[in-house]
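# Overview (structure and organization)
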Amino acid sequence: MLLVERSPEAALADPAFDGREIALTHRSQALLRELDAWDRIPAGDRAPLREARVLDGASPFALSFAPEGRAGVPLGMLVPNHLIRRALFDAVRGADCATVLAGVAVEAVETSPAGGVLRLADGRQVRARLVVAADTRFSQARRQMGIATTQRDFGKSMLVARVTHEKPHGGIATEWFGHGQTVAMLPLNGDLSSIVLTLPAPAIEAMLAMSPEAFGADVTSRTASRWGAMALAGTRHAYPLVATYAHRFVGTRFALIGDAAVGMHPVTAHGFNLGLGGAHLLGSAIRTAQARGRDIADPGGLLRYEMAHRRASWPLFAATNAIAGLYTDDRSPARLLRGAVLRLGAALPPVRRLVTARLMEAG
Ligand SMILES: Cc1cc2nc3c(=O)[nH]c(=O)nc-3n(C[C@H](O)[C@H](O)[C@H](O)COP(=O)(O)OP(=O)(O)OC[C@H]3O[C@@H](n4cnc5c(N)ncnc54)[C@H](O)[C@@H]3O)c2cc1C
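Below is a summary of the structure that appears in this document.

## Comments concerning the site of the ligand
Taken together, the neighbourhood of the ligand is formed by 25 residues, with Glu5, Arg20, Val106, Asp259 and Phe272 sitting nearest. In the environment of the ligand, an oxygen atom lies 3.4 Å from a nitrogen or oxygen atom belonging to the backbone of Glu21. At 2.9 Å, a backbone N or O of Val106 approaches a nitrogen atom of the ligand. When the free accessible area of the ligand is taken as 1,000 Å², the share hidden by the protein chains comes to 86%. At the level of elements, strand E1 (2-5), strand E2 (21-24), strand E12 (149-165) and helix H7 (271-291) are the ones that each hand at least two residues to the shell around the ligand. Looking at the shell around the ligand, its residues break down into 12 nonpolar, 6 polar and 7 charged.

Next comes the structure, spelled out in structure tokens:
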């Protein structure tokens with residue numbers, strides 16, 4: 001297997017902090033263990049997520065998601081994205097299962113029933129029996145393969161940064177929908193959280209440019225001192241909020257995985273989890289084809305991967321977009337509706353159990 005990655009090898013071996021804290025489900029943790037990556041993430045950098053609460057504006061009402069009947073078992077674990085990347089890269093090197101060609105981009109992809117060809121930025125050509133693209137939600141390979149995408153631009157950006165705060169978070173993640181802004185606080189170890197702010201792009205630019213002191217004061221006031229005074233603890237990062245869903249996940253000798261297949265809005269924290277699940281499904285399809293003496297790009301196997309991954313991802317993608325749309329819309333009907341949705345969710349324990357079970361599923 002050959003892995004082509006445009007970042008230089010040094011950036012893969014020791015990636016820089018990118019602001020993302022990934023809420024890993026129990027299933028993702030199990031998959032990372034299987035891939036020999038989990039133990040490569042320092043235990044002190046994994047933070048248990050004990051409960052998630054959703055708040056709406058100034059309303060004292062909170063919708064809570066907490067594990068039921070499994071004392072001491074967290075909903076999930078928060079792990080910084082760059083440490084997941086580092087652990088996976090270490091695991092690949094340790095397993096000696098792939099050659100990594102780093103520091104060179106793929107410029108063009110072409111496939112036919114006879115095989116696939118990648119043209120690299122340094123002029124080299126690589127031939128492959130199966131081409132798998134995981135080149136971001138704006139995948140160039142997907143476009144070159146003529147695969148269309150449903151795209152939703154939320155017209156806002158997200159700023160992520162670590163902050164220290166005076167009051168403890170108790171291991172509780174809070175998603176707070178206020179007027180004109182959404183704030184999420186993700187609990188890390190100690191009195192440290194990742195603050196995630198959703199705002200129009202110019203407001204995000206202004207917050208990136210603030211001095212650390214002014215930023216601390218601004219987020220303290222935006223969170224109404226709920227966690228006491230806050231101080232910036234590291235770098236700030238911004239991401240545009242665009243969700244994408246590929247119309248097809250496979251083609252002739254070709255498959256899409258990760259964000260290139262499904263680029264989720266981060267509000268429900270499922271993008272990486274889905275990507276890992278999808279890669280596992282594709283791996284199973286390839287192993288089954290091999291075990292039956294078939295080509296690894298067997299169209300039947302690729303189609304089974306596509307169907308299974310669509311089944312797993314489409315309902316979540318649609319629900320996440322609906323939630324993100326509802327909570328970033330400040331017109332009064334949406335505001336009324338989200339208050340009602342919160343109350344309905346709280347009154348219907350099965351809804352809460354469903355969300356909780358999805359996070360905790362181990363299978
Ligand atoms: C703020 C934020 C918070 C998030 N929180 C969560 C969460 O809590 N839980 C969760 O499950 N998910 C979360 N996500 C989503 C998660 O980060 C992504 O789903 C995941 O990182 C996508 O991984 P990927 O490998 O598919 O794509 P990427 O991480 O985008 O990696 C793509 C790689 O392809 C390389 N590449 C691109 N083009 C080329 C080319 N032409 N040639 C060679 N290499 C190329 C790039 O250099 C890059 O290394 C969050 C996302 C954001 C923005």
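## Describing the pairing of strand E6 (residues 76-80)
Taken across its 5 residues, E6 has 5 buried, putting it largely inside the fold. The alternating pattern of E6 places Gly76, Leu78 and Pro80 and Met77 and Val79 on opposite faces, both of which are buried. Sheet topology places E2 next to E6; 4 bridges connect them, and they run antiparallel. By the bridge assignment for E6, Leu24 is matched with Met77. Examined bridge by bridge, strand E3 (residues 47-49) and E6 share 3 bridges and lie antiparallel to one another. Looking across to E6, one finds that Pro48 is bridged to Met77.

## A short note on the nonpolar core
Ranked by internal contacts, the top residues of the largest apolar core, which has 56 residues, are Leu78, Val109, Phe249, Phe254, Leu256, Val262 and Tyr305. Broken down by element, this core gets its largest block of residues, 5 residues, from helix H8 (residues 299-328). Not counting the four nearest positions on each side in its chain, Phe254 is found in contact with Val109, Thr111, Leu130, Val131, Ala133, Ala141, Arg142, Met145, Ile147, Phe249 and Leu302. Residues Val163, Trp176, Leu199 and Trp227 belong to the second largest nonpolar core, which totals 17 residues.

## With respect to the packing of aromatic side chains
This structure, assessed with the given rule, holds 5 aromatic pairs. Seen in terms of ring centroids, Tyr245 and Trp314 are 4.8 Å apart; in terms of plane orientation they differ by 80 degrees. Their pairing is edge-to-face. With Tyr245 in strand E16 (residues 230-246) and Trp314 in helix H8, the pair connects residues that are 69 residues apart, well separated along the chain. The class of Trp314 is partly exposed, set by a relative accessible area of 43%. Geometrically, the ring pair formed by Tyr245 and Phe317 is tilted, given 4.9 Å between the ring centres and 50 degrees between the ring planes. Separated by 72 residues along the polypeptide, Tyr245 in strand E16 and Phe317 in helix H8 bring together distant segments of the chain. Take Tyr245: its relative accessible area is 2%, and that puts it in the buried class. Given a relative accessible area of 2%, Phe317 falls into the buried group. Three or more aromatic residues joined by ring pairs make a cluster, and in this case those are Tyr245, Phe249, Trp314 and Phe317. Across the ring face of Trp176, the terminal group of Arg226 is positioned such that the distance to the ring centre comes to 5.1 Å. Looking at Arg310, its charged tip hangs above the ring of Phe249, at a distance of 4.7 Å from the centre.

Cut-offs and rules
Starting from 1, residues in each chain are numbered consecutively following that chain's sequence as written. pLDDT decides what is reported in this predicted model: residues at 70 or higher carry local features, side-chain atom pairs at 80 or more are listed and counted, and totals for whole chains, interfaces and linings draw on all residues regardless. To obtain the side-chain values, all non-hydrogen atoms of the structure were included, while hydrogens and water were left out. To be near a molecule or strand, a residue needs just one of its heavy atoms within 4 Å of it. In protein, a polar contact requires one atom able to donate a hydrogen and another able to accept it; more generally it is a pair of N or O atoms within 3.5 Å, and residues adjacent in sequence count only if both atoms are side-chain atoms. Each accessible area value is a Shrake-Rupley result obtained with a 1.4 Å probe; residue values ignore everything except the protein chains displayed when judging cover. Secondary structure elements are defined from DSSP: runs of H or I of at least 4 residues count as helices, runs of E of at least 2 residues count as strands, and each element is numbered from the N terminus. Throughout, the ten residues Ala, Val, Leu, Ile, Met, Phe, Trp, Tyr, Cys and Pro are labelled nonpolar, Asp, Glu, Lys and Arg are labelled charged, and all others, Gly among them, are labelled polar. Here's how the labels work: a residue is buried when its accessible area is under 20% of the maximum for its type, exposed when over 50%, partly exposed in between, all with a 1.4 Å probe on protein chains only. DSSP bridges decide pairing: two strands pair if at least two such bridges lie between them. Note on terminology: a nonpolar core comprises buried Ala, Val, Leu, Ile, Met, Phe, Trp, Tyr and Cys residues joined through side-chain atoms within 4.5 Å. Pairs of residues are marked as contacts when any of their non-hydrogen atoms sit within 4.5 Å. In this analysis, rings of Phe, Tyr and Trp, with Trp reduced to its six-membered ring, are considered paired at centre separations within 6.5 Å, and the interplanar angle assigns stacked below 30 degrees, edge-to-face beyond 60, and tilted for intermediate values. Think of it as a cone above the ring: NZ of Lys or CZ of Arg counts as a charge over the ring if it is within 6 Å of the ring centre and within 35 degrees of the ring normal.

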